[in-house]
Amino acid sequence: MTLFQLLMLGASAFFAFKVYQHIQGLTDLQPQSDEPRSPSSFDPEYLVEKADEEFDAGNLEQAYKLFNEANSKVAQGSEVLFKMGYILQQLKRDEEALEYYKEALEGDKENEFIHNSLASIYRTKGEFASAKMHLSASLAIDDKNPITYYNYGNLLVDMKHIDEAKEMYKSAIEIKADFVEAKDELEKLEQTT
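Report on the accompanying structure. (Residues numbered from 1 in each chain as written. Predicted model: local features only at pLDDT ≥ 70, side-chain atom pairs only at ≥ 80, totals over all residues. Heavy atoms only, no water.)

Here's the deal with the pattern of salt bridges
Part 1: Per the counting criterion, the structure on display carries eleven salt bridges.
Part 2: Here Lys 83 makes a salt bridge to Asp 52, at a shortest N to O gap of 2.7 Å. Note that Lys 83 is positioned in helix H4 (residues 78-90) and Asp 52 in helix H2 (residues 44-56), a separation of 31 residues in sequence.
Part 3: You can call Lys 83 buried: its relative accessible area is 18%.
Part 4: For Arg 93, the salt bridge goes to Glu 96, with nearest N and O atoms at 2.7 Å.
Part 5: A single network of salt bridges, built from pairs that share partners, joins Asp 52, Glu 79 and Lys 83. (Salt bridge = Lys/Arg side-chain N within 4 Å of Asp/Glu carboxyl O. Helix = DSSP H or I, 4+ residues; strand = E, 2+ residues; numbered from the N terminus. Buried < 20%, exposed > 50% of the residue type's maximum accessible area, 1.4 Å probe, protein only.)

Pasting the structure below:
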C-alpha cells in the first residue's frame, strides 16, 4: 500500500467515525418512549386535563373551549360530551347542551346522570313526555337516587299530577332523610290540597 492510499484509508476511517458520531448524536436527541412527554396544547388528553382544571375552578367558558378543542381533534367519549352538555346547560345554552347529552347517551345508555340531565332540559322546554321517559330510565338504572325522585316530583307538579308528585318526594325523603328541598316541596303540596 502506498503512502497516499494509507492517508486516504485513514481519512475515510476518520470521516466514517465522524458520521457515526453525528448519527448517534441525532438519535440521542429523539425522545425516549419510556420518558414522559411534555404536555402540548395539541394533545387532546392534555386539553381535557386542562379543561377539567378550569371546570373545577368554575371557569365554565374556558373549560368548554378546551373540551371543544379536544373533541375537534379526537372524538371524545361520553364523559367529556356529558361535561360539555352540562357546561352549556349552566350557560343557558340548552339546545346545544341537548345535542351533547344525546351524543353522550349514545355512548353510555346506562348513565343515570345523562338521563337526568336530558329530562331537565326537556322539562324546561315543556316536553314532559320526553322528560318522563328519561326519568323513568334513570330510575330503572338506579332506584336509590333521591335526586331522580325529586326531579320526577318536580316534573309531575308541572304536569299537574299532584298525588304522584307527593309520592316521588316521599320516596326521595325515604332515601335521604335530610333532603330539605324535597321536604319543602312536599310540604307545599300538602298545604295546597
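From this point, things continue past the structure.
Examining the packing of H4 against helix H5 (residues 94-107)
Part 1: It is at 8 Å that the axes of H4 and H5 come closest, and there the two elements cross at 160°. In terms of axis orientation, H4 runs roughly antiparallel to H5. The chirality of how H4 crosses H5 is left-handed. Facing H4, whose interface residues are Ser 78, Leu 81, Phe 82, Met 84, Gly 85, Tyr 86, Leu 88 and Gln 89, H5 presents Asp 94, Glu 96, Ala 97, Tyr 100, Tyr 101, Glu 103, Ala 104 and Gly 107.
Part 2: Residues of the contact of H4 with H5, tallied by class, amount to nine nonpolar, four polar and three charged. (Axes fitted to C-alpha atoms, helices over the stretch in contact; angles between N-to-C directions. Parallel < 35°, antiparallel > 145°, perpendicular 65-115°, else oblique. Left-handed = near helix turned anticlockwise from the far one by under 90°. Contact = heavy atoms within 4.5 Å. Nonpolar A, V, L, I, M, F, W, Y, C, P; charged D, E, K, R; others polar.)

Quick word on helix H8 (residues 146-158)
Residues separated by three or four positions in an α-helix point in the same direction, a consequence of the helix having 3.6 residues per turn.
Part 1: The first and last C-alpha atoms of H8 sit 19 Å apart over 13 residues, in line with the 18 Å expected at 1.5 Å per residue.
Part 2: Among the residues making up H8, those that are buried are Pro 146, Thr 148, Tyr 149, Tyr 150, Tyr 152, Gly 153, Asn 154, Leu 155 and Leu 156.
Part 3: The inward-facing, buried residues of H8 abut helix H6 (112-124), helix H7 (128-141), helix H9 (162-175) and helix H10 (180-192).
Part 4: Its side-chain oxygen 2.9 Å from the backbone nitrogen of Ile 147, Asn 145 forms the N-cap of H8.
Part 5: Two residues or fewer after H8 comes Lys 160, characterised by a positive phi angle close to 70°. (Expected span 1.5 Å × (residues − 1). Polar contact = N/O pair within 3.5 Å; in protein donor to acceptor, adjacent residues only side chain to side chain.)

Quick look at the packing of aromatic side chains
Part 1: Enumeration over the complete set of coordinates arrives at five aromatic pairs.
Part 2: Ring geometry for Phe 55 and Tyr 86: centres 6.0 Å apart, planes at 65°, overall edge-to-face. Here Phe 55, found in helix H2, pairs with Tyr 86, found in helix H4; they are 31 residues apart in sequence, far enough to count as distant.
Part 3: A centroid spacing of 6.4 Å and a plane angle of 80° characterise the contact between Tyr 64 and Tyr 100, whose relative ring orientation is edge-to-face. Taken together, the residues span a long stretch of sequence, with Tyr 64 in helix H3 (residues 60-73) and Tyr 100 in helix H5 at a distance of 36 residues. Taken as a pair, Tyr 64 and Tyr 100 share a single burial class, namely buried. (Phe/Tyr/Trp six-rings, centres within 6.5 Å; stacked < 30°, edge-to-face > 60°.)

Considerations on the nonpolar core
Part 1: In this structure, Phe 67, Met 84, Leu 118, Tyr 152, Tyr 169 and Ala 182 are the most contacted members of the largest nonpolar core, which totals 41 residues.
Part 2: Of all the elements, H5 adds the most residues to this core, at six residues.
Part 3: Not counting chain neighbours up to four residues away, the residues in contact with Tyr 152 comprise Lys 132, Leu 135, Ser 136, Leu 139 and Met 168. (Core = buried A, V, L, I, M, F, W, Y, C linked by side-chain atoms within 4.5 Å.)

Coordinates in, geometry out; function isn't part of it.
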